[in-house]
Amino acid sequence: METYPLPERPEEAITRLITALENSGDPRHFANGAHIPLQPDNIVAIQRGSVSMHRIMDSLTMIESTRPQLLGVTSSHQFSQHFMIKAESACKALIIPRNEFEAVIEGQHLWRELLQVVSWYYDVLYWKSYHFMGRQSYTLIRNCLIELAAKDEREREEINACDFIRSKTNLSQSYILKVFSDLRKGDYVDISRGRLKAINRLPERY
């Protein structure tokens, strides 16, 4: 199994930041499937709901989150030209002007927490680069299965494993399903009705 786990999310820091911001900005609600605007002058605090970030040129899923999240902390003018944020469920959010956001951080001495969150963002990007850049097709599938297996069982039941891998790799459905079939025959994985139930042991090579 992969020995480089997903970086641990700084839950306490994120909670403290979002709690400090709860009386700031404008409250917004986004329906499932809606695009969430992310502009350089604003910070978006997702208080409830699931979101994902996609590369515009091919809709590849870059990052997904089902927990409270701060978006746009490191946003630049070019971000919205190349990436989009999508609500994967109904979302409750705050749209906060950057100057108001910085005033809250300064006034409540939360720069340390903000640094922890930004550092975690970079760690996650390094993790994804390590697992998905320059990899062979089977290795991409293997790493996606490991990522999917790390999710909560109830959340995993809502995710079609093939669709999950396609969104992250752009591999063909037929190739992914062929690999699934071979892995099931070898008793490496338990996939039932498209849902990943368990990983027994994944071979390094295919």
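All values reported here derive from a predicted model rather than from experimental measurement.

1. Regarding the sheet that holds strand β5 (residues 61–65)
Through backbone hydrogen bonds, the strands of a sheet pair up, either in parallel or in antiparallel fashion.
Logical step 1: Taken in spatial order, the 4 strands line up as β2-β7-β4-β5 in an open sheet, and their pairing is antiparallel. Strands with a single pairing partner mark the edges of an open sheet, and in this sheet they are β2 (35–36) and β5.
Logical step 2: Pairing of strand β4 (residues 51–55) with β5 involves 4 bridges; the strand directions are antiparallel. The residue of β5 that forms the bridge with His 54 is Thr 61.

2. Some points on the nonpolar core
Logical step 1: In this structure, Ile 141, Leu 145, Ile 165, Phe 180 and Leu 202 are the most contacted members of the largest nonpolar core, which totals 24 residues.
Logical step 2: Mapped onto this core, the elements with two or more residues apiece are α4 (111–132), α5 (137–149), α7 (161–169), α8 (173–185), β9 (189–192) and β10 (195–199).
Logical step 3: Other than its neighbours up to four places away in sequence, Leu 202 contacts Tyr 138, Arg 142, Leu 145, Ile 146, Leu 183, Tyr 188 and Val 189.

3. Quick look at the pattern of salt bridges
Logical step 1: Here the structure, examined in full by the defined rule, presents 12 salt bridges.
Logical step 2: Put simply, Asp 58 and Arg 55 hold a salt bridge, and the shortest N to O gap is 2.5 Å.
Logical step 3: The shortest N-O distance in the salt bridge between Lys 168 and Glu 64 comes to 3.7 Å. Pair noted here: Lys 168 is in helix α7 and Glu 64 is in strand β5, with a separation of 104 residues, a long-range link.
Logical step 4: Take Glu 64: its relative accessible area is 32%, and that puts it in the partly exposed class.
Logical step 5: Each member of the salt-bridge network shares a partner with another, and the members are Glu 64, Lys 128, Glu 147, Lys 151, Glu 155 and Lys 168.

4. Some words on a nonpolar patch on the surface
Logical step 1: Taken together, Tyr 4, Tyr 122, Leu 125, Tyr 126 and Tyr 130 make up a surface patch of nonpolar side chains, about 510 Å² in accessible area.
Logical step 2: Structurally, Tyr 122 can be placed in helix α4.
Logical step 3: The exposure class assigned to Tyr 122 is partly exposed, which follows from its relative accessible area of 44%.

5. Some thoughts on the pairing of β10
Logical step 1: Pairing of β9 with β10 involves 4 bridges; the strand directions are antiparallel. Bridged to Ile 191 within β10 is Leu 196.
Logical step 2: In this antiparallel pair of consecutive strands, β9 and β10, the connection spans 2 residues, and Arg 193 shows a positive phi of 55 degrees.

6. A closer look at the sheet that holds strand β8 (residues 91–97)
Logical step 1: Judged by pairing direction, the sheet is antiparallel, and its 4 strands sit side by side in the order β1-β8-β3-β6 without closing on themselves. Both edges of this open sheet fall to β1 (26–30) and β6 (69–71), since each of them pairs with a single strand only. When strand polarity is set aside, the average angle formed by the axes of neighbouring strands in this sheet is 25 degrees.
Logical step 2: Both strand β3 (residues 42–48) and β8 contribute to a ladder of 6 bridges, which runs antiparallel. Looking at the pairing, Ile 43 lines up with Ile 96 of β8.
Logical step 3: Set on the sheet, helix α3 (residues 98–107) makes contact with β3 and β8; between it and β8 the angle comes to about 90 degrees.

7. Here's the deal with the environment of Phe 30
Logical step 1: As for its position among the elements, Phe 30 is in strand β1.
Logical step 2: Judged by its relative accessible area of 6%, Phe 30 is buried.
Logical step 3: Sequence separation between Phe 30 and Ser 89 is 59 residues; the distance between their C-alpha atoms is 8.2 Å.
Logical step 4: Residues within four places of Phe 30 in sequence aside, it is in contact with His 35, Ile 36, Pro 37, Ala 87, Ser 89, Ala 90, Cys 91, Ala 93 and Ile 95.

8. Examining helix α1 (residues 11–20)
Logical step 1: Among the residues making up α1, those that are buried are Ala 13, Ile 14, Leu 17, Ile 18 and Ala 20. Down the axis of α1, the buried set is contained in an arc of 160 degrees. They therefore lie on one face.
Logical step 2: Structurally, α1 contributes buried residues whose contacts are with β3, β6, α3 and α4.

9. A few points about unusual backbone geometry
Logical step 1: Look at Ser 59: it is not a glycine, yet its phi comes out positive at around 65 degrees.
Logical step 2: By secondary structure assignment, the location of Ser 59 is in the loop between β4 and β5.
Logical step 3: Look at Ser 59 and you get partly exposed, because its relative accessible area is 45%.
Logical step 4: Of note in this structure, His 109 is not a glycine but carries a positive phi near 55 degrees.
Logical step 5: Structurally, His 109 is set in the loop between α3 and α4.
Logical step 6: Accessibility expressed as a relative area gives 65% for His 109, which makes it exposed.

Procedures and definitions
Residues numbered from 1 in each chain as written. Predicted model: local features only at pLDDT ≥ 70, side-chain atom pairs only at ≥ 80, totals over all residues. Heavy atoms only, no water. Pairing = 2+ DSSP bridges. Helix = DSSP H or I, 4+ residues; strand = E, 2+ residues; numbered from the N terminus. Core = buried A, V, L, I, M, F, W, Y, C linked by side-chain atoms within 4.5 Å. Buried < 20%, exposed > 50% of the residue type's maximum accessible area, 1.4 Å probe, protein only. Contact = heavy atoms within 4.5 Å. Salt bridge = Lys/Arg side-chain N within 4 Å of Asp/Glu carboxyl O. Patch = residues over 30% accessible without salt bridge, like charges linked within 9 Å, V, L, I, M, F, W, Y side chains within 5 Å. Areas by Shrake-Rupley, 256 points an atom, 1.4 Å probe, with all protein chains shown as cover. Axes fitted to C-alpha atoms, helices over the stretch in contact; angles between N-to-C directions. Arc of directions from axis to C-beta.

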